[in-house]
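Given next are the chains, with one letter for each unit.
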Amino acid sequence: MTARWPAFAPALDRAVHHARDWLTSLAERPVHPRARPDDLAAVLGGPLPDGPTAPETVVDELAAGVEPGLMGMPSGRFFGWVIGGTHPAALAADWLTSAWDQNTAMRHSTPGVVAVEDAAAAWALDLLGLPPDADVGFVTGATMANFTGLAAARQHVLADAGWDVGRDGLAGGPRVRVLVGAERHETLDLALRYLGLGTPTVVAADDQGRLVVADLDRALAQGGGPTIVCLQAGNLHSGAFDPMAQAVDLAHRHGAWVHVDGAFGLWAAASPRLRGLLAGVEHADSWATDAHKTLNVPYDCGLAIVAHPEPLRRAFGMHADYFATFSGSGDPLEKVPELSRRARGVPVWAVLRSLGRSGVEDLVDGLVANARAIADGIATIDGAEILNDVVFTQVCVGFGSDERTRAVTARVLADGVTWMSGSRWQGRDVLRVSVSNWSTDAEDVARSVDAVRRAASTG
């Protein structure tokens, strides 16, 4: 029998109640979790029950058991790693995505959500200034977006060398050279490992983490054969951008495919005030970004964008007797590593539809303004030093010795008002601030700076 609304209503009503409580609590709750994993094991684990439990009871037990272990990642005072919040339209759309329960693999079987993803893809390409005929695949996050773009790159450069990797695999074929900046994100190395391409060749970076074009020129001239060059839009520590126009032009003159890891920084292209940081990025061959970061949609949603659909679809397409074959836009399954997946593009459509062009611009500019305000505030603290040029959403702070920096970081985290992750950059320990949440406001900035001031004045 088809499931009917009364079967869902009690559990969903309880879920709405608990979601409201959680979102309401974010304004004042400590950002750090109040419990450790071991504390929660007894509550959430134990023997599997012998019989059924009412769905609404399960939801209540889940909320009560998990709540002490939740970190306030959606808080406007959470600045750890590079983790955004969730825009209201995107959150609501994500709930609908689960309710609709569409396996978004084939265009003809789920035309509603595929049409939404097509629209979201077109809007994203327009905002980012990328080729309008590029393929867009909705993947889990930036790691798999990098994997997807690099898989298309591998397919293309080996085909140019006369090698069919889909038919013959990698063994016996020409080696693919991959050149990366010294301060690339390590998920690029992870994606290369997944693809069997091994350890990349490292190109020097400057004091802000930007790839040095002269060293790229030297590295390209030292070898030949199938080559991929990876550039970075948004350094994890400094927020800096590789010199796109020069690097892309140079790589293409050597016949290389250019892939851009723009996990959070690619969205700078949506702001007229920031677009110059990415000048020339549109001439690359593939791009990766994570919509949960700067765009603020729920987990999980990355965008893999490839200018040349043929190698992408050769890398991921599959054809079976029970699949209809389509040309033109292609099926979603031809653009991502997965066959079965949720309609990840629906929340992207919702946030873009809600914000519009000017709203996305304001979102990105607002994140940068808040990063600069935090940097300016921390710079007034005795002994604090801003270590990077704050060109985007990242701020790195030192407090003299590594020992003192670690101590200040630990006190900030223990305080609970804000969360700023510790890291190590350019040979020293740092307190790292990543401004990624749409809801961060002037009060959040002020309270967070005050928390750092308290931590720096103690001990």
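First, a word on what this report is: a plain description of the structure on this page. (Residues numbered from 1 in each chain as written. Predicted model: local features only at pLDDT ≥ 70, side-chain atom pairs only at ≥ 80, totals over all residues. Heavy atoms only, no water.)

**With respect to empty space enclosed by the protein**
Where we set the bar: Cavities and pockets were defined on a 1 Å grid built from protein atoms only: a cavity is a group of points that admits a 1.4 Å probe but offers it no way out, a pocket is an open group of points flanked by protein on both sides within 12 Å along at least five of seven lines, and a lining residue is one with an atom within 4 Å of any such point. Grid points are joined across faces, edges and corners, and a volume is the space filled by probe spheres set on the points. We count a stretch as a helix when DSSP gives it H or I for four or more residues in a row; a strand needs E for two or more, and each element gets its number in order from the N terminus. Amino acids are sorted into nonpolar (Ala, Val, Leu, Ile, Met, Phe, Trp, Tyr, Cys and Pro), charged (Asp, Glu, Lys and Arg) and polar (every other residue, Gly among them).
Evaluated as defined, the whole model comprises two cavities of 30 Å³ or more. One number sums up the size of the second largest cavity: a volume of about 60 Å³. Considering the residues around the second largest cavity, the lining is formed by Gly181, Ala182, Glu183, Arg184, Leu188, Ala205, Gly209, Cys230, Leu231, Gln232 and Asp242. Sort the elements by how many residues they give to the lining of the second largest cavity and strand β4 (residues 227-232) lands first, with three residues. Of the residues in the lining of the second largest cavity, the class split is five nonpolar, three polar and three charged.

**Looking at the sheet that holds strand β2 (residues 177-181)**
Applicable threshold: Here the rule is simple: two strands pair whenever DSSP picks up at least two bridges between them. Helix axes are fitted to C-alpha atoms over the stretch in contact, other axes to C-alpha atoms as well, and angles between N-to-C directions run from 0 to 180 degrees. Note on contacts: a residue pair qualifies if any of its non-hydrogen atoms lie within 4.5 Å across the two residues.
Taken together, seven strands build an open sheet; the order of strands is β1-β7-β6-β5-β4-β2-β3 and the sheet is mixed. Both outer strands of the open sheet, β1 (135-139) and β3 (201-203), are each paired with one neighbouring strand and no more. Across the sheet, the mean angle separating the axes of adjacent strands is 20° when strand polarity is ignored. Direction of pairing for strand β6 (residues 286-290) relative to strand β7 (residues 302-306): antiparallel, over a ladder of five bridges. Paired with Thr289 across the two strands is Leu303, which belongs to β7. Helix α10 (residues 244-253) contacts β4 and β5 (257-261) of the sheet and is inclined by roughly 175° relative to β4.

**What about the side chain of Asn146?**
Quick note on the threshold: Whenever a nitrogen or oxygen atom comes within 3.5 Å of another N or O atom, the pair is scored as a polar contact, on the condition that within protein one atom can donate a hydrogen and the other can accept it, and that pairs from neighbouring residues in sequence are kept only if both atoms are in side chains.
Looking at where Asn146 falls in the secondary structure, it is placed in helix α6 (residues 142-160). Within polar-contact distance, the side chain of Asn146 engages the side chain of His259 at 2.8 Å. When residues no more than four places from it in sequence are discounted, the contact partners of Asn146 are Thr187, Leu188, Ala191, His259, Asp261 and Ala288.

**Topic: the sheet that holds strand β11 (residues 428-434)**
Paired through backbone hydrogen bonds, the strands of a sheet run either parallel or antiparallel to each other. Taken together, the four strands give an open sheet; going across it, the order is β8-β9-β11-β10, and neighbouring strands pair in antiparallel fashion. Only two strands of the sheet have a single neighbouring strand rather than two, namely β8 (385-386) and β10 (421-425). Sheet topology places β10 next to β11; five bridges connect them, and they run antiparallel. When the bridges of β11 are listed, Ser423 appears paired with Val430. Contacting β9 (394-398), β10 and β11, helix α13 (residues 402-415) runs over the sheet at an angle of about 35° to β11.

**Observations regarding helix α9 (residues 213-221)**
The condition that has to hold: When a residue's accessible area, from a 1.4 Å probe over protein chains only, is under 20% of the maximum for its type it is buried; when over 50% it is exposed; and in between it is partly exposed. This arc describes the spread of directions from the helix axis toward the C-beta atoms.
Of all the positions in α9, only Val213, Asp215, Leu216, Ala219 and Leu220 are classed as buried. The buried side chains of α9 occupy one side of the element, clustering within an arc of 155° when seen end-on. Those residues of α9 that are exposed and angled more than 90 degrees off the buried face are Ala214 and Ala221. The inward-facing, buried residues of α9 contact β2, β3, β4 and α10.

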